[in-house]
Amino acid sequence: MRRMCLGLSTKLLNISVASLCRTRQLEKAEAALIDGIRLGVLPDVVTYNILITGYCQVVGFEAGYHVIHRMKEAGINPNLITYNSLMAGATRQGSLACCLNMLDEMLGRGIDPDVWSYNTLMHCYFKMGRPDDAYRIFREILLKNITLCQATYNILINGLFKNGYIKDALMLFRDLQRQGYVPQIVTYNILMNALCKLKRWKGIIRLFEEIRELGIAPNAITYTTAMKCCFGSRRYKEGLQIFFEMKSRGYAYDLFSCCTIVAALVKSGRRLAAERCIAHMIKIGYDLDIASYNTLINWHINEGKLEKAYNLLGVAESRGLDCDIYTHTILIDGLCKAGNFDVAERHLDHMKTMGFNCLVASNCFINGLCKAGYIDYALQVFNASDMRDSCTYSSLVNNLCKQRRYRLAAQLLLSCIRSGLKVLKSDEKNVSQGLTRLGTKRDAKRFKLQVRRSKLLQY
DNA sequence: CTAGGGTTAG
């Protein structure tokens, strides 16, 4: 009888620890653990596994791994799920080495990996941009005769999408459906996210309808993804509508949805609404992570308050958070907006030496220079660098047109297409109208022909 | 307790 009670209490303890970890309140989770022990409720392997997941998500893999020592002290052996959770933590952090280490350690302890171990490893390879290795793991699962689960397919579909195999992912999805596979809400979230990145706004609506017809309940992720898609297509009204629906159905705000909404409100200049949402974000008492700080730093930058942005950065760093690629990019953009190009350039160099991909930051720098009228310096930077995409060209073309330097704009636009990059219809129109206005209709005509020919060569 | 979502430039 006594054991049954204790078992039940441990279950309750686990539920409360899990809920605190989910809301990133690790200190409170630790306090619950201590309170439990004081009352004679001992944590079990599940409690520690939950903590490991929490530490991996909020702090990082190392912090999660540290919990293993505490388990040993408490006389509890790590199990399959312990290692699977650690592999997931390593994957979240993008550390393939740690993920493989955990697999080794698990095998060394005589624990047999299950379908989840392989799922996670496959996911890690996909995340690191190694789809061939990921597919190798998938074949290994089949070879070892391990029973697949739905997550295996979800990870496969998601990985194919993220690595650019869009058609293969869609084909796999439809194939599975034909074989009687019923997609889960997770599957729909994956598809929705992929369509969102492809800017296929109508596809999202169709998916939403499909979900309703199948009677599957959307979750917070579904709403957040759909919202982001609306905002990305500048449909702020529709996006906010989805947000209100989400709220009225009792879905709680979380950091993910807050970041999406605040970023959209800032971008569309809804200052008051943004402030209200930020106040809420801070009030709910979650431990803000680096993405949340990035959102807030970006908000300060857009208000023209560079100093406040740097202060907030100090707060984030004092909490042990590391700047990521977004933080650096947002700061460089902010420096440019403040006209401080010297510091911006130095920060960009700093970012390069740290091994970050600086494409977006470099685009911010070039765009900032253009807007401030230093277009020739921008061209110099552009020519000296091999980092360029369609945005880089678009900034230059757009601003050259403003200065009526249409011939150079036309040249750049053509070399953009010839590099296999897409161009904005508006840029194309701008240039050809400009050439016409220069009084040389023949040039404009020739430009249009060249554009058409270059596009043909793209395929 | 282990898959899916957020933050940057034209």
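Residues numbered from 1 in each chain as written. Chains lettered and ligands numbered in written order. Predicted model: local features only at pLDDT ≥ 70, side-chain atom pairs only at ≥ 80, totals over all residues. Heavy atoms only, no water.

S.K.: What should I look at first to understand the pattern of salt bridges in this one?
M.R.: Any two side chains of opposite charge can pair, on the condition that their charged atoms come close. Within the structure shown, the criterion is met by 16 salt bridges. Between D133 and R136 there is a salt bridge; the shortest N-O distance is 2.7 Å. Remark: R136 and D133 occur in helix α8 (residues 131-143); sequence separation between them is 3 residues, near one turn of the helix. For R136, a relative accessible area of 35% corresponds to the partly exposed category. For D349, the salt bridge is made with K352, and the minimal N-O distance between the two is 3.9 Å. Linking D349 with K352, this pair stays in helix α20 (residues 341-353), spanning 3 residues, or about one helical turn. Through salt bridges with shared partners, a single ionic network connects R130, D133 and R136. (Salt bridge = Lys/Arg side-chain N within 4 Å of Asp/Glu carboxyl O. Helix = DSSP H or I, 4+ residues; strand = E, 2+ residues; numbered from the N terminus. Buried < 20%, exposed > 50% of the residue type's maximum accessible area, 1.4 Å probe, protein only.)

S.K.: Can you help me understand a positive patch on the surface in this one?
M.R.: A cluster of like positive charges, contributed by R92, K127, K162, K197 and K228, occupies part of the molecular surface. One can find K228 in helix α13 (residues 220-232). (Patch = residues over 30% accessible without salt bridge, like charges linked within 9 Å, V, L, I, M, F, W, Y side chains within 5 Å. Areas by Shrake-Rupley, 256 points an atom, 1.4 Å probe, with all protein chains shown as cover. Lys, Arg positive; Asp, Glu negative; His and termini not counted. Charge placed at Lys NZ, Arg CZ, Asp CG, Glu CD.)

S.K.: Please clarify how unusual backbone geometry should be interpreted in this entry.
M.R.: Most peptide bonds take the trans form, and the phi angle of most residues other than glycine is negative. Even without being glycine, N145 reaches a positive phi, approximately 60°. One can find N145 in the loop between α8 and α9 (150-162). Judged by its relative accessible area of 69%, N145 is exposed. Unlike most non-glycine residues, R404 shows phi in positive territory, near 60°. On the secondary structure map, R404 appears in the loop between α23 (390-402) and α24 (406-418). For R404, a relative accessible area of 55% corresponds to the exposed category.

S.K.: I tried to follow the packing of aromatic side chains on my own but got confused; where do I start?
M.R.: Centre-to-centre distance and the angle between the planes together describe a pair of aromatic rings. Here the structure, examined in full by the defined rule, presents 11 aromatic pairs. Site record: aromatic cluster; members linked through ring pairs are F208, Y223 and Y251. A cation sits over an aromatic face here: R388 above F382, 3.9 Å from the ring centre. (Phe/Tyr/Trp six-rings, centres within 6.5 Å; stacked < 30°, edge-to-face > 60°. Lys NZ or Arg CZ within 6 Å of the ring centre and 35° of its normal.)

S.K.: Would you mind going over α9 with me for this structure?
M.R.: Note on helix geometry: an α-helix contains 3.6 residues per turn, so any two residues three or four positions apart are oriented the same way. A rise of 1.5 Å per residue sets the reference length of α9, with its 13 residues, at 18 Å; its end C-alpha atoms lie 18 Å apart and thus fit the reference within 8%. The buried fraction of α9 amounts to 10 of the 13 residues, a majority that puts the element mostly inside the structure. Those residues of α9 that sit buried are A151, T152, N154, I155, L156, I157, N158, G159, L160 and F161. As for α9, its buried residues are in contact with α7 (115-127), α8, α10 (166-178) and α11 (185-197). Downstream of α9 by a residue or two, G164 has a phi angle that is positive, lying close to 90°. (Expected span 1.5 Å × (residues − 1). Contact = heavy atoms within 4.5 Å.)

S.K.: Looking at this model, I keep getting lost on helix α18 (residues 306-318). Mind explaining?
M.R.: Taking 1.5 Å of rise per residue, the 13 residues of α18 would be expected to cover 18 Å, and the 19 Å separating its terminal C-alpha atoms lies within 8% of that figure. Buried residues along α18 sit against α17 (290-302) and α19 (325-337). Two residues or fewer after α18 comes G320, characterised by a positive phi angle close to 85°.

S.K.: Where do I start with the domain arrangement of chain A in this structure?
M.R.: The parts lose accessible area when they come together, and the size of an interface is often stated as this lost area. As assigned here, chain A comprises domain 1 (182-251), domain 2 (253-302), domain 3 (323-387) and domain 4 (389-459). Placing a centre on the C-alpha atoms of domain 1 and another on those of domain 4 gives a separation of 36 Å. (Domains from an automatic or database assignment.)

S.K.: Got a minute to help me understand the environment of C358 in this structure?
M.R.: Its place among the elements puts C358 in the loop between α20 and α21 (359-371). By relative accessible area, which is 1% here, C358 ends up buried. Expressed as a C-alpha distance, the spacing of C358 and M387, which sit 29 residues apart in the sequence, is 7.9 Å. Ignoring anything within four residues of it in the chain, the contact list for C358 reads L348, M351, K352 and M387.

S.K.: Could you clarify how one ought to interpret the environment of N119 in this entry?
M.R.: With respect to the helices and strands, the residue N119 is situated in helix α7. Its relative accessible area of 0% is what places N119 among the buried residues. As for N119 and I141, which are separated by 22 residues in sequence, their C-alpha atoms are 8.7 Å apart. Beyond its immediate sequence surroundings of up to four residues, N119 is in contact with I141, C149, A151, T152 and I155.

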